[in-house]
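As a plain string of letters, each chain reads:
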Amino acid sequence: MDNQNLKKFQHIDFDSFFKLMSEAFPSIERRSYENQKKLIGEDLYNTIVYKDKGDNIIAFIANWEFSDFNFIEHFAVDSKMRGNGIGTSMLKDYLHECNNPIFLEVELPENDISIRRIEFYKRLGFHLNNFEYFQPPLQKQHDFLQLKVMSYPRSVNEKEFINFKNVVYNRVYKKQATKRNYK
């Protein structure tokens, strides 16, 4: 990463990272503190953080690097820092360095915030795929969450989508894709 504020995640950063994750994502879209902390040791899971001059995490990309694609599971910028180009710069650097296709999940385009988020990703080259998709629950009290999948640098066909879903369900969510969640 050529940006001097972009850094590889350090274990000491976990509480700051999880605080920002908790502020940026509702509980249905994130793991518990304990389960998130367990991911730190996963071989394929990486977190890139953007720190301010005081060494505080103000943005991060948490992603999985599989052999044939990357999956951005969480991407967030501190709400006080949004609009300053940090997210755009950070994501452009990530896209530039990644040699694999990239997938991410987004909320359904049902309100201004989710529509703006989708448009942000589109401006960076992501494509909204038209497949139905349900994220498995990340915490026991939640059910499957209907989302959309975006991909970079192009939209994907059904075979590529099914491969993405099978890998992510098995490796990220530790679930089997079934007819119930395989719409």
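Please refer to the structure placed before this passage.
Just so it is clear, the model here is predicted, and its values are computed rather than measured. (Residues numbered from 1 in each chain as written. Predicted model: local features only at pLDDT ≥ 70, side-chain atom pairs only at ≥ 80, totals over all residues. Heavy atoms only, no water.)

**Student:** Outline the overall build of the protein, supporting the account with residue identities and numerical values.
**Tutor:** Of regular secondary structure, the protein possesses five helices and eight strands. In sequence order, the protein lays out its α and β elements as β-α-α-β-β-β-α-β-α-β-β-β-α. Whereas a compact globule of 183 residues would reach a radius of gyration of roughly 16 Å, the protein reaches 16 Å, a difference of no more than 12%. Scored against the burial criterion, the 183 residues of the protein give a buried share of 48%. The contacts of the protein with a sequence gap of at least 6 include a subset with a gap of at least 24, amounting to 62%. With an accessible surface of roughly 9,900 Å², the protein has 48% of that area assigned to carbon and sulfur atoms. (Helix = DSSP H or I, 4+ residues; strand = E, 2+ residues; numbered from the N terminus. Rg over C-alpha atoms; globule rule 2.2 N^0.38 Å. Buried < 20%, exposed > 50% of the residue type's maximum accessible area, 1.4 Å probe, protein only. Contact = heavy atoms within 4.5 Å. Areas by Shrake-Rupley, 256 points an atom, 1.4 Å probe, with all protein chains shown as cover.)

**Student:** An account of helix 1 (residues 14-24) is needed here, citing residue identities and associated values.
**Tutor:** At 3.6 residues per turn, the α-helix brings residues three or four places apart onto the same side. Listed as buried for helix 1 are Phe14, Phe17, Phe18, Leu20 and Met21. The arc that holds every buried residue of helix 1, seen down its axis, measures 160°, which confines them to one face. Structurally, helix 1 contributes buried residues whose contacts are with helix 2 (33-39), strand 2 (45-51), strand 3 (57-65) and strand 4 (70-77). (Arc of directions from axis to C-beta.)

**Student:** Outline helix 3 (residues 86-97), listing residues and values.
**Tutor:** Taking 1.5 Å per residue, 12 residues should reach 16 Å; helix 3 reaches 17 Å between its end C-alpha atoms and fits that length. Within the span of helix 3, buried status applies to Ile86, Gly87, Met90, Leu91, Asp93, Tyr94 and Leu95. (Expected span 1.5 Å × (residues − 1).)

**Student:** Got a sec to walk through the nonpolar core? Specific residues and values, please.
**Tutor:** Counting residues in each nonpolar core, the largest one holds 33 residues, and the members touching the most others are Phe17, Phe60, Phe71, Tyr133, Phe164, Val168 and Tyr173. Contributions of two or more residues to this core are made by helix 1, strand 2, strand 3, strand 4, strand 7 (133-135), strand 8 (145-152) and helix 5 (158-172). When sequence neighbours within four positions are dropped, the list of residues in contact with Tyr133 reads Glu105, Leu145, Gln146, Leu147, Val149, Phe161, Phe164, Lys165, Val168, Tyr169 and Tyr173. Core analysis: the next-biggest nonpolar cluster, separate from the first, contains 23 residues, Ile48, Ile72, Cys98 and Met150 among them. (Core = buried A, V, L, I, M, F, W, Y, C linked by side-chain atoms within 4.5 Å.)

**Student:** Requested: an account of the packing of aromatic side chains, with residues and values cited.
**Tutor:** Aromatic ring pairs are reported here in terms of the distance separating the ring centres and the angle at which the planes meet. Going through the model one piece at a time under the given rule, you end up with 24 aromatic pairs. One aromatic cluster is present, built from ring pairs that chain together Tyr45, Trp64, Phe66, Phe69, Phe71, Phe103, Phe131, Tyr133, Phe161, Phe164, Tyr169 and Tyr173. (Phe/Tyr/Trp six-rings, centres within 6.5 Å; stacked < 30°, edge-to-face > 60°.)

**Student:** Can you break down the pairing of strand 8 residue by residue, with the values?
**Tutor:** Of all eight residues that make up strand 8, six are buried, and the element is covered over most of its length. With five bridges connecting them, strand 5 (residues 102-106) and strand 8 associate as antiparallel partners. Residue Glu105 lies in a different strand from strand 8, and its bridge partner there is Val149. Inspection of the sheet shows strand 6 (residues 127-128) paired to strand 8 by two bridges, in the antiparallel sense. From the neighbouring strand, Leu128 faces strand 8, where its bridge partner is Met150. With three bridges connecting them, strand 7 and strand 8 associate as antiparallel partners. In the sheet register, Tyr133 faces strand 8, and the bridge partner there is Leu147. (Pairing = 2+ DSSP bridges.)

**Student:** Describe the layout of surface pockets, listing the residues and the values that go with them.
**Tutor:** The calculated volume of the largest pocket comes to roughly 870 Å³. Taken together, 32 residues line the largest pocket, and the ones lying closest to its centre are Phe75, Arg82, Arg117, Phe120 and Tyr121. Of all elements in the fold, only helix 1, strand 4, helix 3, strand 5 and helix 4 (112-123) reach the threshold of two or more residues within the lining of the largest pocket. Here the residues of the lining of the largest pocket sort into 14 nonpolar, nine polar and nine charged. Quantified by volume, the second largest pocket comes out at close to 320 Å³. In this structure, the second largest pocket is lined by 14 residues; those nearest its centre are Arg31, Asn35, Leu138, Tyr173 and Lys174. (1 Å grid on protein atoms, 1.4 Å probe; cavity = no way out; pocket = protein on both sides within 12 Å on 5 of 7 lines; lining within 4 Å. Points joined across faces, edges and corners; volume = space filled by probe spheres on them. Nonpolar A, V, L, I, M, F, W, Y, C, P; charged D, E, K, R; others polar.)

Remember that the coordinates give geometry; whether it matters functionally is a separate question.
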